Amino acid sequence: MSVSNKDLDPAFQGAGQKAGIEIWRIENFNPTPVPKSLHGKFFTGDSYVILKTTALKNGGLRHDIHYWLGKDTSQDEAGTAAIKTVELDAALGGRAVQYREVQGQETEKFLSYFKPCIIPQEGGVASGFKHIEAEEHQTRLFVCKGKHVVHVKEVPFARSSLNHDDIFILDTKSKIFQFNGSNSSIPERAKALEVVQYVKDTYHDGKCEIAAIEDGKLMADAESGEFWSFFGGFAPLPRKTNSDEHKSSDVAPRLFCVEKGEAVPVEADSFTRELLDTYKCYFLDCGTEVFIWMGRNTSLTSRKAACSTADELLHSLDRSKSHIIRVIEGFETVKFRSKFKSWPQSSNVSVTEDSRGKVAALLKRQGVNVKGILKAETPKEEPQPYIDCSGDLQVWRVNGRKKTLLPASDQSKFYSGDCYIFQYSYPGEEKEDHLIGTWIGKQSVEGERVSATSLASKMVESLKFLSTQARIYEGNEPIQFFVIFQSFIVFKGGVSEGYKNHIAEKELPDNTYAEDGVALFRVQGSGPDNMQAIQVESVASSLNSSYCYILFNGSSVFTWSGSLTTSEDQELVERMLDLIKPNMQSKLQKEGAESDQFWDLLGGKSEYPSQKIAREVESDPHLFSCSLLKGVSVTEVHNFDQDDLMTEDIFILDCHSDIFVWVGQQVPSNNKMNALNIGEQFLEHDFLLEKVSLQTPIYIVMEGSEPTFFTRFFSWDYTKSTMHGNSFQRKLSILINGRAPVMDKPKRRTAVSYSGRSAAPEKSQRSRSMSFSPERVRVRGRSPAFNALAANFENAGARNMSTPPPTVRKIYPKSVTPADSEKLASRSAAIAALSAGFEQPAPARNFIIPRSTKVIPASPLPKPEPEKNSKENSVEATKPKPETIQEDVKEGDAEDEEGLTVYPYERLKTTSTDPVADIDVAKRETYLSSVEFKEKFGVTKDVFYKLPKWKQNKLKMSLQLF
């Protein structure tokens, strides 16, 4: 399709060059830009064109164009908006999806641009675009519908407008009431509160009272009585009438071809991609949605004619409120493609960058900046793990229906025929976080796969669903997995009971790795804290020019460097050799200069590839809300944020390379246990039609325990995910109190760099011993025996792969007596002397090991405190100890029977004007005297601490101590 100067409206020059929203209003049949200050404000008498530009992770830009028609707009303005939308798409290269939006029937995608809602105002450009505000506030009634976005419509201020199914907002001069119909859902009520906040800020300058009215509460409630007084007193509500509702047309999809301004039906038993001709336009009538498909080789005139034909047909059928979605060949939406029985994964469309280049050249001649028109280069950046790498790791091998704990020396050595369970405990943003996962080998048997998943789920349940669960298949490991294990090795075969029994029953050859046999390992990774050695078939075809390899038999060791590898790749080979064959000298083989002995071990020469193995890459995330009423059905949540995650529901965040299943606190326990199955069903259904692998990593994320590698996709507020109550109660608390109840406590420990605890030095700072040289003799690092002994002297902050996750109280620095200092100093000296004995240099053995032990800090270690009961230890292990209380006690302060300084209740409240300083703010209640404690809480301290934690928090929140 060619684009000429006459086709390009001057108002669209430079549009869509950067991410954001641009809006034009139709004035005198021409688009006029709307300033950003007026975005989201629409007038019922006007028509608008809206462009949403999204920056993609691959560096490109995606465009969605909407044209919005007010209920009072003229037919001429509406037609102009439709045509200008086609012109804008042409100016952007002809690949945008175009939507028609009718006031009151907007798509969720459109409404998500203007959260929490849009409330069109009367008037329009035809009347001078003036909207005169009344001197006195007008009482108005709005009805709100929607679970993810809210459709707001003003209805007559009368009792007859109310019903039991919807939510209504009554906006009066001094107070805003939200009336919740008895049949409305909690998520709908929570979303409507966002509209209440919008009305408060927009029409009351943020200064007015808020009240929530529950359908069914009568005059006994003061606020309910005040609400009903506006309607002349309480009276039973009528049944909801659907006379004014838009009845959806559930019709079988029909396909029409547009020829000479007429819609000609296309007869076919089923719809396939082959029915669509690139030189024609079609429209697919699906009832409430009508798709217009425009072939890539159609002219701009033909596209405009197809749009006009579809509009006329729908108008004649009294279907003017149907959604019209226009798609271009090669850039069809998922919904459109799903209407066809068969659709190829990628169409052979000769469009790509050619048309965009022509448009860009045209705009450049007109003096327009075309930087955003052309596709940007894909950014080349190393994926980040977004996880602290200084935690504690435990690994179990699954044997039948049981699991066996592996020693520290074997924790990162897996067999392809086995399944493993790992538990990783690490410092999170606010507390100790846990990741429990299963690793499923390619050669593992089905019985042990089921056992691994079941055992891991029981571990998650034993932690009261406060950990993240992961399901990982061999060959699809995410970056978080590799940085946790740091040096990861996969051997062929298996050693578990299930694998051995399987090959014995099937009479299969046992190809399990043997140290004295021939073995070939592919080495990969991005650094010392993220490197892997994967055993592959010992044949020449397993080689790849983009990797380095280790080949050995009982007497010889070879390292092979592909022609496309770097010095960093070759360095990783040296490090992995220290783990696989620490006591043998290797012979370097460069691609193209291999020895005969090397090829003999591989069974002779043969062809092999040169490109790196393609891995799933992270794409732009999509959020879906799950409905579990009839199987698993999903609804996409557009332009999502943290507030879209409702505690009563399950949501799926699809990043293509990873799947996150987020489970709210209010979700029933049986659905929590079924979360992994929900994720697997999501992959099977492939809702985005991307043909994703069924072995894509799945994470089960519990509300309140979200890991950083999940929260990075949101603008995250941890106080919101730790609130109590349902979604409506939480948002109402924030709306009325102005903020969420905050647990005012310091972080558990200082955050550690995401890159790991022992990141490699910068290239320019690396010592000579770390560089790779084919001439030098390869030197060895410390032996495994030394590493095991040295691990006992690592400080508490270093990674400990042999110690189970701590079950005792975490110790934090506090004041130390001179006597303690002397003891600790002598202990440090003894440790230093002992360590010095191991540090004696051995001949040619100064190679740096992959995991370097951390240096013990010079500051004295804290003294352990006496043990409390096990329940208190498990809950309080991650909390900081209170600082020493100052002696200058103010008037009114005293000491209790146990000698603890106590304070008046008024000084311990979070809202106190004279708060107490230097206390453990997370345990304010402990500073109350026994008498005042019982007076405020209604129970003694002993009884209080026997209550469930949630009940304690609820009491503290009600007393503003939380």
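These numbers come from a predicted model, not from an experiment.

(A) Local environment of the overall build of the protein. If you tally the helices and strands in the protein, you get 24 helices and 34 strands. Counting all 962 residues of the protein, 49% fall into the buried class. In the protein, the share of contacts with a sequence separation of at least 24, taken over all contacts with a separation of at least 6, comes to 69%. Counting only carbon and sulfur atoms, one obtains 51% of the accessible surface of the protein, whose full area is about 46,700 Å².

(B) How the structure looks around unusual backbone geometry. The omega angle of the peptide bond from K115 to P116 is 5 degrees, so this bond is cis rather than trans. Position of P116 among the secondary structure elements: in the loop between helix 2 (108-111) and strand 6 (140-145). The phi dihedral of F29 falls on the positive side, at around 65 degrees, and the residue is not glycine. Relative to the helices and strands, F29 is located in the loop between strand 1 (20-27) and strand 2 (30-33). The phi angle at K691 is positive, at roughly 55 degrees, despite the residue not being glycine. Examined against the element boundaries, K691 turns out to sit in the loop between helix 14 (675-685) and strand 32 (698-702). K691 sits in the exposed class, given a relative accessible area of 59%.

(C) Looking closely at the sheet that holds strand 22 (residues 487-491). Judged by pairing direction, the sheet is mixed, and its seven strands sit side by side in the order 18-22-24-23-25-26-27 without closing on themselves. A strand with exactly one partner marks an edge of an open sheet, and here the two such strands are strand 18 (413-415) and strand 27 (587-590). Direction aside, neighbouring strands of the sheet carry axes that sit 20 degrees apart on average. Here strand 25 (residues 548-552) runs beside strand 26 (residues 557-561); their pairing, made up of five bridges, is antiparallel. Bridge pairing in strand 26 places Y549 opposite W560.

(D) Here's a closer look at the sheet that holds strand 8 (residues 167-171). The strand order across the open sheet formed by five strands is 7-6-8-9-10, and the pairing between neighbours is mixed. Both edges of this open sheet fall to strand 7 (151-155) and strand 10 (209-214), since each of them pairs with a single strand only. Strand after strand, the sheet turns through a mean of 25 degrees between neighbouring axes, direction not considered. In terms of strand pairing, strand 6 meets strand 8 through five bridges, oriented antiparallel. Within the sheet, the bridge partner assigned to L141 lies in strand 8 and is L170.

(E) Geometry of the pairing of strand 23 (residues 519-527). Within strand 23, seven of the nine residues are buried, which leaves it mostly tucked inside the rest of the structure. Note: strand 23 against strand 25, five bridges, orientation antiparallel. Looking at the pairing, L520 lines up with L551 of strand 25. Note: strand 23 against strand 24 (residues 530-536), seven bridges, orientation antiparallel.

(F) Broad picture of the pairing of strand 26. Within strand 26, five of the five residues are buried, which leaves the element mostly enclosed by the surrounding structure. Residues V557, T559 and S561 line one face of strand 26 and the alternating positions F558 and W560 line the opposite face, and both faces are buried. What sits between strand 25 and strand 26 in their antiparallel hairpin is a turn of four residues. Two elements, strand 26 and strand 27, share four bridges in a ladder whose sense is parallel.

(G) Structural context of helix 1 (residues 75-91). In this model, helix 1 (17 residues) spans 25 Å end to end at C-alpha, consistent with the 24 Å of a helix rising 1.5 Å per residue. Of all 17 residues that make up helix 1, 13 are buried, and the element is covered over most of its length. G93 lies just past helix 1 and shows a positive phi near 105 degrees.

(H) Fine view of the pattern of salt bridges. Going through the model one piece at a time under the given rule, you end up with 32 salt bridges. Of the charged contacts in the structure, one is a salt bridge between K145 and D166, with a shortest N-O distance of 4.0 Å. In this pair, K145 sits in strand 6 while D166 sits in the loop between strand 7 and strand 8, placing the two residues 21 residues apart along the sequence. Using a relative accessible area of 27% as the deciding quantity, one classes K145 as partly exposed. What you see here is one network of salt bridges that share partners, running through K115, K191, E194, D644 and K731.

(I) Layout of helix 5 (residues 300-316). Given a rise of 1.5 Å per residue, 17 residues ought to cover 24 Å, and the 25 Å separating the end C-alpha atoms of helix 5 matches this to within 8%. Those residues of helix 5 not exposed but buried are L300, R303, K304, A306, C307, T309, A310 and L314. The inward-facing, buried residues of helix 5 contact helix 1, strand 11 (254-259), strand 12 (262-265), strand 13 (281-285), strand 14 (289-294) and strand 15 (323-328). A positive backbone phi angle near 55 degrees is found at D318, which sits one or two residues after helix 5.

So, how was this worked out
- Chains are numbered independently. Their residues run from 1 in the order of the written sequence.
- At least 70 in pLDDT is required for a residue's local features to be given in this predicted model, at least 80 for side-chain atom pairs to be given and counted, and no such filter applies to totals for whole chains, interfaces and linings, which use all residues.
- With hydrogens and water set aside, each side-chain value is computed from the structure's full complement of heavy atoms.
- Where helices and strands are cited, they refer to DSSP runs of H or I of at least four residues and of E of at least two residues respectively, numbered from the N terminus.
- Think of it in three bands: residues with accessible area under 20% of the maximum for their type are buried, residues over 50% are exposed, and the middle band is partly exposed, with areas taken using a 1.4 Å probe on protein chains only.
- In this analysis, two residues are considered to be in contact whenever any of their non-hydrogen atoms come within 4.5 Å of each other.
- Using the Shrake-Rupley algorithm and a 1.4 Å probe, accessible areas are obtained, with residue cover drawn only from the displayed protein chains.
- Only when DSSP finds a minimum of two bridges between them are two strands counted as paired.
- Simply put, an axis is a line fit to the C-alpha atoms, just over the touching stretch for a helix, and the angle between two N-to-C directions goes from 0 to 180 degrees.
- To estimate how far a helix should extend, the number of its residues minus one is multiplied by 1.5 Å.
- When a carboxyl oxygen of Asp or Glu lies within 4 Å of a side-chain nitrogen of Lys or Arg, that pair is called a salt bridge.

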